[in-house]
Amino acid sequence: MTPAFRSSYDVISCDVISDLENQFLDFSLNANFNRKAINKKPPSSYLCHLCFQKGHFIKDCPQARPKGEGLTPYQGKKRCFGEYKCPKCKRKWMSGNSWANMGQECIKCHINVFPQKQRPLEKPDGLDVSDQSKVHPQHLCQKCKQLGYYCRRIN
């Protein structure tokens, strides 16, 4: 190799190393920024979607359980709002009669489906308003079947 080629190779190597160094620096700055955002306190009106208490995000909830434990996101005793999606026919529905570790039967496929998401029934901003006049299909509700009567009577 000629000395001229070797020096241009060294310059290219330095440029590549410098670029990598800048990328790692950007990555570490972004990681520090994200860590600060993670430790942020929730707004005063925010309710944890796991325990329905104020003061912390769901990821910091004292009632949090290891992944895979329980059949539903919510593990409390109260009735809540659930979002369902049948894995067989992909039908989606929502219900104000969702419970921990309880599913609802898909009206088309007749299989028990557990909620994908659950949250408090009454949000402070009023976004989750369930229609109280709508009849609850007790024959599709696992909780009603287990109790032997309308599940709303216990809450």
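First, a word on scope: everything that follows refers to the structure included in this document. Please read these numbers as outputs of a predicted model, since none were measured by experiment.

Structural notes on the nonpolar core
Thinking step 1. Among the nonpolar cores identified, the biggest contains 6 residues, and these are Tyr 84, Cys 86, Trp 93, Cys 106, Cys 109 and Val 113.
Thinking step 2. When neighbours within four sequence positions are excluded, Cys 109 is seen to be in contact with Cys 86, Lys 88 and Cys 89.

Things to note about the side chain of Lys 143
Thinking step 1. If you trace the backbone, Lys 143 turns up in helix H2 (residues 142-147).
Thinking step 2. One buried charge, Lys 143, has no salt-bridge partner; the nearest side chain with opposite charge is Glu 105, at 17 Å.
Thinking step 3. Leave out the neighbours within four places in its chain, and Lys 143 touches Trp 99, Met 102, Cys 151 and Ile 154.

What about the pairing of strand S2 (residues 92-98)?
Thinking step 1. A large share of S2 lies buried, amounting to 5 of its 7 residues.
Thinking step 2. Summarising the sheet, strand S1 (residues 80-85) and S2 pair through 5 bridges and their orientation is antiparallel. Along S2, the bridge assignment pairs Tyr 84 with Trp 93.
Thinking step 3. Turn length for the S1-S2 hairpin, with the two strands adjacent in sequence and antiparallel, is 6 residues, and the turn residue Lys 90 shows positive phi of about 70°.

Some points on the side chain of Glu 105
Thinking step 1. For Glu 105, the position within the fold is in strand S3 (residues 104-105).
Thinking step 2. A distance of 2.9 Å separates a polar atom in the side chain of Glu 105 from a polar atom in the side chain of Lys 145.
Thinking step 3. Not counting residues up to four positions away in its chain, the partners in contact with Glu 105 are Trp 93, His 110, Ile 111, Asn 112, His 139, Leu 140 and Lys 145.

Thoughts on the packing of aromatic side chains
Thinking step 1. The tally for this structure, following the rule as stated, stands at 3 aromatic pairs.
Thinking step 2. Look at Phe 52 and Tyr 74: their rings are 4.6 Å apart centre to centre, the planes differ by 25°, and that puts the pair in the stacked class. Of the two residues, Phe 52 sits in the loop between helix H1 (3-38) and S1 while Tyr 74 sits in the loop between H1 and S1, which places them 22 residues apart along the sequence.
Thinking step 3. Since its relative accessible area comes to 3%, Tyr 74 is described here as buried.
Thinking step 4. Pairing Tyr 84 with Trp 93 gives two aromatic rings, centres 5.3 Å apart and planes at 0°, and the pair type is stacked.
Thinking step 5. For Tyr 84, a relative accessible area of 2% corresponds to the buried category.

About the cut-offs
Residue positions are given per chain, counted from 1 along the sequence in the order it is written. Since the coordinates come from a predicted model, pLDDT governs what is reported: local features require at least 70, and pairs of side-chain atoms require 80 or more to be given and counted, while whole-chain, interface and lining totals use all residues. Note that the side-chain values use all heavy atoms of the structure and ignore hydrogens as well as water. Throughout, nonpolar core names a set of buried Ala, Val, Leu, Ile, Met, Phe, Trp, Tyr and Cys residues whose side chains join them through atoms within 4.5 Å. Buried residues are those whose accessible area, probed at 1.4 Å on protein chains only, stays under 20% of the maximum for their type, while exposed residues exceed 50% and partly exposed ones sit between those limits. Pairs of residues are marked as contacts when any of their non-hydrogen atoms sit within 4.5 Å. The numbering of helices and of strands both runs from the N terminus, where a helix is a DSSP run of H or I of at least 4 residues and a strand a run of E of at least 2. The sign given to each residue is positive for Lys and Arg and negative for Asp and Glu; His and the chain ends receive no count. Within this document, salt bridges are pairs made up of a side-chain nitrogen of Lys or Arg and a carboxyl oxygen of Asp or Glu, the two lying within 4 Å of each other. Should DSSP find at least two bridges between two strands, the strands are taken to pair. N or O atoms within 3.5 Å of each other form a polar contact, as long as, within protein, one can give a hydrogen and the other can take it, and as long as residues adjacent in sequence are counted only when both atoms are side-chain atoms. Two rings from Phe, Tyr or Trp (for Trp, the six-membered ring) form a pair when their centres are within 6.5 Å of each other. A pair whose planes differ by under 30 degrees is stacked, one over 60 is edge-to-face, and the rest are tilted.

Keep in mind these values describe shape, not function.
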